[in-house]
Amino acid sequence: NKHNSHRFHYNFLVSNHLGYADIILLLSRLDGVFITKREMRSWPVVGPLAHIFGSIWVNREVRRDAVRVLDMIDEAIARGDGVVLFAEGTTSAGAGLLPMKPALFDWAAREQFPVHYAALTYRTPPDTIPAHLAVCWWGAMTFGPHAWDLCRMRGFEATVEFGSEPITAPTRGELADRVQRAIFDLFVPVVSRERLNS
C-alpha cells in the first residue's frame, strides 16, 4: 500500500468507487461509517464487513428514505463519527470518474459542512491480470469468482490520495461539481479509455 502512515481525520469524506476493495483500503487509513446501498447487505464477505464497521444503509428505490439517511448522518457526525460517501453511486473500471450524484451531497450543502475528498487507484504487476479486471469490481462481474481470483494474487498496489483542503458550496449541485473536479485532479486512472474500449 502506498499512503501516509498516519490515520486521516475528517467528518464527511467523498471518494471515487472502484470496487469492494475500496472499503478495506479506506478503513486502513481512517475510522468512520459508510453510506452504502442496501443491496450490499446481502453480499458475501463485503456485506458483513460493512455492517461490522458501521454503515448507513440507503434504499435508493425509495425517495423518502433520503430523510432517514439525512437524520442518520446528523447522528453520526454528532457522536464524532466520520461519514464516507461513494458519490458516484456505483463502481467503475477506473478509466475515469462517473458523475457524482448531487442528491448525495444534500446534507453537506444544507449544513454548509466542509467535504473532504480522496482519490483511489490500483495497480497490478506487469505480468499479471490488469487491475481494472483483477481489483476493480464493476459491470456484470460476479462477486465470488472475482474475490477468489483477487485473494490468489501475489499482490497489488493500492493508493489513496487525500485532498489537502475540504470543500464547501452553497448548493448540492455546485458541491458535487467542485468535489468531482477536486477528485479528478488527484485521480490516476486504473486503465486508459482506449484500452478499456479495445
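All figures in this text were calculated on a predicted structure; none of them were measured in a lab.

Undergrad: Describe the packing of aromatic side chains, naming the residues involved and giving the relevant values.
TA: Scanning the entire structure with this criterion turns up nine aromatic pairs. Ring geometry for Trp 137 and Phe 143: centres 5.6 Å apart, planes at 85°, overall edge-to-face. Exposure remark for Trp 137: the relative accessible area of 12% places this residue in the buried category. An aromatic cluster of three or more residues is present, and its members are Phe 8, Tyr 10 and Phe 162.

Undergrad: Account for the environment of Phe 12, with residues named and values stated.
TA: Among the secondary structure elements, Phe 12 is positioned in strand β1 (residues 12-15). Using a relative accessible area of 0% as the deciding quantity, one classes Phe 12 as buried. C-alpha separation for the pair Phe 12 and Ala 182, spaced 170 residues apart in sequence, amounts to 15 Å. If sequence neighbours within four positions are ignored, Phe 12 has contacts with Ile 73, Val 83, Leu 85, Leu 104, Trp 107, Ala 108, Phe 113, Pro 114, Val 115 and His 116.

Undergrad: Outline the sheet that holds β1, listing residues and values.
TA: With mixed pairing, six strands are arranged side by side in an open sheet as β3-β2-β4-β1-β5-β6. Of all the strands in the sheet, the pair left with one neighbour each is β3 (55-58) and β6 (157-162). This sheet shows a mean twist of 25° between the axes of neighbouring strands, independent of strand direction. Pairing analysis gives three bridges linking strand β2 (residues 33-37) to strand β4 (residues 83-86), with the strands arranged parallel.

Conventions used here
Residues numbered from 1 in each chain as written. Predicted model: local features only at pLDDT ≥ 70, side-chain atom pairs only at ≥ 80, totals over all residues. Heavy atoms only, no water. Phe/Tyr/Trp six-rings, centres within 6.5 Å; stacked < 30°, edge-to-face > 60°. Buried < 20%, exposed > 50% of the residue type's maximum accessible area, 1.4 Å probe, protein only. Helix = DSSP H or I, 4+ residues; strand = E, 2+ residues; numbered from the N terminus. Contact = heavy atoms within 4.5 Å. Pairing = 2+ DSSP bridges. Axes fitted to C-alpha atoms, helices over the stretch in contact; angles between N-to-C directions.

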